[in-house]
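Spelled out from the first residue to the last, the chains are:
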Amino acid sequence: MKNLLKKLSPLFALVMALALCFSLIGCDTNCPYCENDPTTLGKSSIWREELSTTATCTQDGITTIQCANCKRTTQIAVGALGHDWKITKDEATCLKAGNTYYSCNRDGCGETKNEWSEASPSKHKWVKTGSRETMTEIYTDYECSVCEETKTEKTKISMGSSIKNTQEEFYYATGAAIQIVKGQLKYPSSAKFIKESQMEVHKNYSGIYFIEGAVSAPNAFGVYTDFYFIVKTKIRVSGSKFTWYDFDCQLEEG
Ligand SMILES: [Zn+2]
Ligand SMILES: [Zn+2]
Ligand SMILES: [Zn+2]
């Protein structure tokens, strides 16, 4: 008898398992639409019915899918949706801090947050107000349209390449410079120029010559003073004749 029970026990276990199975999900009715698992139903299947979706901006939800045929259900976790931010901005300026306002568009959420951005001098809105040119520099003035701060930028005028003193035009240039400078001195005949070979002559791409040098000449009080000069001049060619004309001349007591 004991042996017989031992032999029958696997069969008994099987019968018990089947009974449990029938009572829970009805293994006898095999559903041809979902194959007993509603998650296998396609998204647009007419046999799929979604019963609930409860995900919010910040919390995961659960979607219950039911097979319309066999009424089996399965649950799928749905990730939190995240906030649907509506953003408005007050831009920061050179003087005033900025603010970015976020508010969630989703019904029932009401979440808001702010982000500050600091005022920064790098946010000046520069508007050019004027410019002026000296012999060697261009000055450009700007004013900030927000805070009215002003600044001036200085750029060096390119004097071009240096001309060697062996060249003919070097002598024309230095000779012309001497004439032009003399025209500005009170006692031109008593002016003593440094040697022409020591003058610096540059020519730029627009054909303008820059001649730098020094002259010792009487000042307004008749006292001999060293002047540094820079002459900006052009050349006019007429046949074989070169004419230099005064373009600009700067004399500085030094
Ligand atoms: Zn089904
Ligand atoms: Zn939200
Ligand atoms: Zn400013």
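Whatever comes next refers back to the structure up there.
*Asks:* What am I meant to see in the overall build of the protein chain here?
*Replies:* The helix and strand tally for the protein chain stands at two helices and 15 strands. Taking all 254 residues of the protein chain together, 11% fall into the buried category. Here the analysis covers contacts within the protein chain between residues at least 6 apart in sequence; of these, 43% occur between residues at least 24 apart.

*Asks:* So what exactly am I meant to see when it comes to the sheet that holds strand β4 (residues 85-90) here?
*Replies:* Remark on secondary structure: sheet strands pair via backbone hydrogen bonds, oriented parallel or antiparallel. As summarised here, the arrangement of the three strands in space is β4-β5-β6, forming an open sheet in which the pairing is antiparallel. Edge positions in the sheet fall to β4 and β6 (112-117), since each has one partner strand and no second. Going from strand to strand, the sheet's axes swing by 15 degrees on average, the running direction of each strand aside. Sheet topology note: the β4/strand β5 (residues 98-104) ladder contains six bridges and is antiparallel. For Lys89, the partnering residue across the bridge sits in β5 and is Thr100.

*Asks:* Just to check I follow, could you spell out helix α2 (residues 168-182) for this structure?
*Replies:* Helical geometry: 3.6 residues make up each α-helical turn, so side chains three or four residues apart lie on a common side. The end-to-end C-alpha distance of α2 is 22 Å, a good match for the 21 Å that 15 residues give at a rise of 1.5 Å each. Burial in α2 covers these residues: Phe170, Ala173, Thr174, Ala176, Ala177, Ile178, Ile180 and Val181.

*Asks:* Would you explain the nonpolar core in this entry?
*Replies:* Note that soluble globular proteins tend to have their nonpolar side chains buried in a common cluster. Membership of the largest hydrophobic core comes to 18 residues, with the highest contact counts inside it found for Ala173, Ala177, Val181, Val201, Ile211 and Val231. Secondary-structure elements contributing two or more residues to this core are α2, β13 (209-218) and β14 (224-238). When residues in this core are grouped by element, the largest group, seven residues, is from α2. Among residues more than four places away in sequence, those in contact with Val181 are Val215, Phe229, Val231, Cys249 and Leu251.

*Asks:* What is the right way to read the pairing of strand β12 (residues 200-203) from this model?
*Replies:* The side chains of a regular strand alternate between both faces of the sheet. Residues of β12 alternate between two faces, with Val201 and Lys203 buried on one and Glu200 and His202 left unburied on the opposite face. Where strand β10 (residues 161-162) meets β12, two bridges bridge the pair, whose relative direction is antiparallel. Each bridged residue has a counterpart across the sheet, and for Ser162 the counterpart in β12 is His202. The sheet contact formed by β12 and β13 spans four bridges and is antiparallel.

*Asks:* Looking at this model, I keep getting lost on the sheet that holds strand β8 (residues 137-144). Mind explaining?
*Replies:* Taken together, the three strands give an open sheet; going across it, the order is β7-β8-β9, and neighbouring strands pair in antiparallel fashion. Unpaired on one side and paired on the other, β7 (126-133) and β9 (150-156) mark the two borders of the sheet. Neighbour-to-neighbour, the strand axes of the sheet open up by a mean angle of 25 degrees, direction not taken into account. Bridge count between β7 and β8: seven bridges; the pairing is antiparallel. Across the sheet, residue Gly130 finds its bridge partner in β8, namely Asp141.

*Asks:* Would you mind going over unusual backbone geometry with me for this structure?
*Replies:* The phi torsion at Glu35 lies on the positive side, around 50 degrees, for a residue other than glycine. A positive phi angle is found at Glu148, which is not glycine, with a value near 65 degrees. Looking at the secondary structure, you find Glu148 in the loop between β8 and β9. On the neighbour-count criterion, Glu148 (7 C-beta atoms within 10 Å) is exposed.

*Asks:* I would appreciate a short explanation of the environment of Phe210 in the present structure.
*Replies:* Position of Phe210 among the secondary structure elements: in strand β13. Since 25 C-beta atoms lie within 10 Å of it, Phe210 is described here as buried. Phe210 sits 37 residues away from Phe247 along the chain, and the two C-alpha atoms are 10.0 Å apart. Apart from the residues lying within four places of it in its own chain, the contact partners of Phe210 are Met159, His202, Ile230 and Lys232.

*Asks:* Explain the environment of Glu212 here, please?
*Replies:* Mapped onto the elements of the fold, Glu212 is located in strand β13. Residue classification places Glu212 among the partly exposed residues on the basis of 18 C-beta atoms within 10 Å. The sequence separation of Glu212 and Gln198 amounts to 14 residues, and the corresponding C-alpha distance is 9.1 Å. Every residue in contact with Glu212, bar those within four places of it in the chain, is listed here: Met199, Glu200 and Ile230.

*Asks:* Is there a simple way to explain the environment of Lys186 in this structure?
*Replies:* For Lys186, the position within the fold is in the loop between α2 and β11 (192-193). In the structure, Lys186 is positioned 36 residues away from Gly222 in sequence and 8.8 Å away in space, judged by C-alpha atoms. With residues near it in sequence (within four places) discarded, Lys186 still touches Pro218 and Ala220.

Rules of the game
Residues numbered from 1 in each chain as written. Chains lettered and ligands numbered in written order. Predicted model: local features only at pLDDT ≥ 70, side-chain atom pairs only at ≥ 80, totals over all residues. Helix = DSSP H or I, 4+ residues; strand = E, 2+ residues; numbered from the N terminus. Buried ≥ 20, exposed ≤ 12 C-beta atoms within 10 Å, placed from the backbone. Contact = placed C-beta atoms within 7 Å. Pairing = 2+ DSSP bridges. Axes fitted to C-alpha atoms, helices over the stretch in contact; angles between N-to-C directions. Expected span 1.5 Å × (residues − 1). Core = buried A, V, L, I, M, F, W, Y, C linked by C-beta atoms within 7 Å.

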